[in-house]
Amino acid sequence: MAVKSILRMGDPRLFSVSELVAQEEFDTLDDLIQDMLDTMDAANGAGLAAPQIGVMKRVAVYGIDINPRYPDAGQIPLTVLVNPKITPLTEELESDWEGCLSVPGMRGLVPRFGRIRYSALNPQGEEIGGEVDGFHARVIQHECDHLDGVLYPMRIEDMQNFGFEQELMVQSFESIPKYQEIEEASIQ
Ligand code: NI
């Protein structure tokens, strides 16, 4: 299908609540889903929600093969969620760094539930779901937030932990002793 342009933070559509996909709409989902997959691939994204391409429906896609934007994330199978719901399975929140194709060039430290149960429909209208943790749980929570008009910067607790990727990389490299050792060794 087509690579669509991705709405960026500031566009009011990203702060809107998306509509449930009705039973009779499932026949028309194929084009939307293909557009979302094409757009996510082209942008090297780990996930994408329909409102990010201006379609205010509760559809999200995600998956990670080996993603240069998330080198430590491991693999997550390519999944399409229609009308997803989340139930937290832990009370405590875990903080980790997130980015978003609608907030390009930035990263922020975001608290999320460490383990969740999710349920949704697949593009064929069949029920799917499971229990996931770690980055997988984080991606689903991030994408479901998009369907409720929430972007990750709205969840950052300390705005000192929000910044440009390039600046944050410099900071974290300097704080890793191993990196300094390697650098010194390579000078010799
Ligand atoms: Ni996002």
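Residues numbered from 1 in each chain as written. Predicted model: local features only at pLDDT ≥ 70, side-chain atom pairs only at ≥ 80, totals over all residues. Heavy atoms only, no water.

### Structural notes on the nonpolar core
Core analysis: the largest hydrophobic core is formed by 16 residues, its most contacted members being Leu29, Leu32, Met36, Leu48, Val59, Val61 and Val82. Ranked by the residues each element gives to this core, the list is headed by helix H1 (residues 29–42), at 6 residues. When sequence neighbours within four positions are dropped, the list of residues in contact with Leu48 reads Ile6, Met36, Thr39, Met40, Ile53, Val59, Ala60, Val61, Leu101 and Glu143. Ala46, Tyr62, Ile64 and Ala137 belong to the second largest nonpolar core, which has 14 residues in total. (Core = buried A, V, L, I, M, F, W, Y, C linked by side-chain atoms within 4.5 Å. Buried < 20%, exposed > 50% of the residue type's maximum accessible area, 1.4 Å probe, protein only. Helix = DSSP H or I, 4+ residues; strand = E, 2+ residues; numbered from the N terminus. Contact = heavy atoms within 4.5 Å.)

### Comments concerning the coordination of the nickel ion
Bound to the nickel ion on the protein side are Cys100 (SG), His142 (NE2) and His146 (NE2), at distances that span 2.1 to 2.3 Å. In terms of primary sequence, the donors binding the nickel ion are separated according to C-x41-H-x3-H. Highlighted residues: Cys100 in the loop between strand E4 (93–98) and strand E5 (106–113) and His142 in helix H2 (residues 134–147), separated in sequence by 42 residues. (Donors = N, O, S within 2.8 Å, 3.2 Å for Na, K, Ca; no water.)

### What about the sheet that holds strand E8 (residues 162–164)?
Here we have 3 strands laid out as an open sheet, ordered E4-E5-E8, and antiparallel in their pairing. Since the sheet does not close on itself, it has two edges, and those belong to E4 and E8, each with one partner. Across this sheet, the average inter-strand angle for adjacent strands is 25°, counted without regard to direction. Bridge count for E5 against E8 is 3 bridges, and the pairing is antiparallel. Bridge pairing links Arg107 to Gly163 in E8. Across the face of the sheet, H2 comes into contact with E4 and E5 while running at roughly 105° to E5. (Pairing = 2+ DSSP bridges. Axes fitted to C-alpha atoms, helices over the stretch in contact; angles between N-to-C directions.)

### Quick notes on a negative patch on the surface
There is a patch of like negative charges on the surface, built from Glu91, Glu92, Glu94 and Asp96. Along the polypeptide, Glu94 turns up in strand E4. (Patch = residues over 30% accessible without salt bridge, like charges linked within 9 Å, V, L, I, M, F, W, Y side chains within 5 Å. Areas by Shrake-Rupley, 256 points an atom, 1.4 Å probe, with all protein chains shown as cover. Salt bridge = Lys/Arg side-chain N within 4 Å of Asp/Glu carboxyl O. Lys, Arg positive; Asp, Glu negative; His and termini not counted. Charge placed at Lys NZ, Arg CZ, Asp CG, Glu CD.)

### Some points on the sheet that holds strand E7 (residues 127–133)
The antiparallel open sheet is built from 5 strands, whose spatial order is E1-E2-E3-E6-E7. With partners counted over all chains shown, the strands left at the sheet margins are strand E1 (47–49) and E7, one partner each. Neighbouring strand axes in the sheet, compared pairwise and without regard to direction, differ in orientation by 35° on average. Running over the sheet, H2 touches E1, strand E2 (59–64), strand E3 (76–88), strand E6 (115–121) and E7 and is turned about 70° from E3.

### Observations concerning the packing of aromatic side chains
Across all of its chains, the model carries 1 aromatic pair by this definition. Aromatic side chains Tyr152 and Phe162 sit 6.1 Å apart centroid to centroid with 80° between the ring planes, which places their arrangement in the edge-to-face category. In this pair, Tyr152 is assigned in the loop between H2 and E8 and Phe162 in strand E8, connecting sequence segments 10 residues apart. Tyr152 sits in the buried class, given a relative accessible area of 1%. We classify Phe162 as partly exposed; its relative accessible area is 22%. (Phe/Tyr/Trp six-rings, centres within 6.5 Å; stacked < 30°, edge-to-face > 60°.)

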